[in-house]
Amino acid sequence: MNETRIITLRRERGWTQEKLAAESGVAVRTVQRLEGGQDASLETLSMVAKALGVTVGELFTAVSDDDFGAAVGALDDRSAVQQAQRDSAISGYRSLYTGVGILITFVVIVLVATQLVPGIAFLAIGAYWAAGSLFARFLLNSVINPRLDAKYPLSSARRR
């Protein structure tokens, strides 16, 4: 295996091997093996890199095998593409939520202005933005992100 920087990166964050294992979703023994210089799959390296907030290529001080270097580069490229696709999907969901909210706001204003509904209908606008925000966050965390995790395994949910 090529020489890794996993120990250095882990220590820079003040993490134990157990913390890195928990954050990356691999076994503690796998972290110990990686730090000991043993080989691992690119998927395992990707999980560790994601936990450390670096690319797979940045896990290594130097990559000596051309085939391995190409594979690492390709994995980093795939990770970047998947992250962009995931971010685009999330942006679409957020745009949909905002668009529906603007439509509801517009409809309520028109209905109140034409006196088809009483002014109390303005409460529907606040209810949508307050309760809708909580419901949208619930859907994002419990339904959408797990599906995106399965569809784009090399990506991660970004906190906003």
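Right, let's walk through the structure included here.

Parameters at a glance
Throughout, a residue's number is its position along its own chain's written sequence, starting from 1. Owing to the predicted nature of the model, reporting of local features is limited to residues with pLDDT of at least 70; listing and counting of side-chain atom pairs is limited to 80 or more, with chain, interface and lining totals taken over all residues. Excluded from the side-chain calculations are hydrogens and water; all other atoms, namely the structure's heavy atoms, are used. Each helix corresponds to a stretch of at least 4 residues labelled H or I by DSSP, and each strand to a stretch of at least 2 residues labelled E; elements are numbered beginning at the N terminus. A 1.4 Å probe rolled over the protein chains alone gives each residue an accessible area, and that area as a share of the maximum for its type sets the label: buried under 20%, exposed over 50%, partly exposed in between. Helix axes are fitted only over the stretch in contact, all axes being lines through C-alpha atoms; the angle between N-to-C directions runs from 0 to 180 degrees. What sets the label is the angle itself: under 35 degrees gives roughly parallel, over 145 gives roughly antiparallel, 65 to 115 gives roughly perpendicular, and the rest give oblique. Contact between two residues is taken to exist if any of their heavy atoms lie within 4.5 Å; hydrogens are not considered. Throughout this entry, Asp, Glu, Lys and Arg are counted as charged residues, while Ala, Val, Leu, Ile, Met, Phe, Trp, Tyr, Cys and Pro are counted as nonpolar. The remaining residues, Gly among them, count as polar. Within this document, salt bridges are pairs made up of a side-chain nitrogen of Lys or Arg and a carboxyl oxygen of Asp or Glu, the two lying within 4 Å of each other. Think of a 1 Å grid over the protein atoms and nothing else: a 1.4 Å probe that fits but is trapped marks a cavity, an open set flanked by protein within 12 Å on at least five of seven lines marks a pocket, and residues with an atom within 4 Å of a point count as lining. Grid points are joined across faces, edges and corners, and a volume is the space filled by probe spheres set on the points. Put simply, two rings from Phe, Tyr or Trp (the six-membered ring, in Trp's case) pair if the centres are within 6.5 Å, and we call them stacked under 30 degrees between planes, edge-to-face over 60, tilted for the rest.

Next up on the list: unusual backbone geometry. One non-glycine residue with positive phi stands out, namely Gln-115, at about 60 degrees. Relative to the assigned elements, Gln-115 resides in the loop between helix 5 (66-113) and helix 6 (122-151). On the accessibility criterion, Gln-115 (70% relative accessible area) is exposed.

Here the focus is the packing of helix 2 (residues 17-24) against helix 4 (residues 42-52). Here helix 2 crosses helix 4 at 105 degrees, and the two axes come no closer than 8 Å. The orientation of helix 2 relative to helix 4 falls into the category roughly perpendicular. Contacts between helix 2 and helix 4 involve Leu-20, Glu-23 and Ser-24 from the first element and Met-47, Val-48, Ala-51 and Leu-52 from the second. Residue composition of the contact of helix 2 with helix 4, grouped by class: five nonpolar, one polar and one charged.

Right, let's talk about the pattern of salt bridges for a bit. Evaluated as defined, the whole model comprises four salt bridges. Between Glu-35 and Arg-10 there is a salt bridge; the shortest N-O distance is 2.5 Å. Of this pair, Glu-35 sits in helix 3 (residues 28-35) while Arg-10 sits in helix 1 (residues 6-12), and the two are 25 residues apart along the sequence. Residue classification places Glu-35 among the buried residues on the basis of a relative accessible area of 14%.

Taken as a whole, the largest pocket spans an internal volume of roughly 660 Å³. If you trace the largest pocket, you find 24 residues lining it, with Tyr-93, Arg-94, Ala-136, Arg-137 and Leu-140 closest to the centre. Those elements that provide at least two residues to the lining of the largest pocket are helix 5 and helix 6. Of the residues forming the lining of the largest pocket, the biggest block, eleven residues, is contributed by helix 6. In the lining of the largest pocket, the residues fall into twelve nonpolar, five polar and seven charged.

Right, let's talk about the packing of aromatic side chains for a bit. The final tally for this structure, using the stated rule, is four aromatic pairs. With 5.2 Å between their ring centres and 20 degrees between their planes, Tyr-97 and Tyr-128 make a pair best called stacked. With a gap of 31 residues between them, Tyr-97 in helix 5 and Tyr-128 in helix 6 connect regions that are remote in the sequence. As far as the burial class goes, Tyr-97 and Tyr-128 line up, both buried. Relative to Trp-129, the ring of Tyr-97 lies with its centre 5.5 Å away and its plane at 85 degrees, an arrangement referred to as edge-to-face. With Tyr-97 in helix 5 and Trp-129 in helix 6, this residue pair connects regions lying 32 residues apart in the sequence. Under the relative-accessibility criterion, Trp-129 is labelled partly exposed at 32%.

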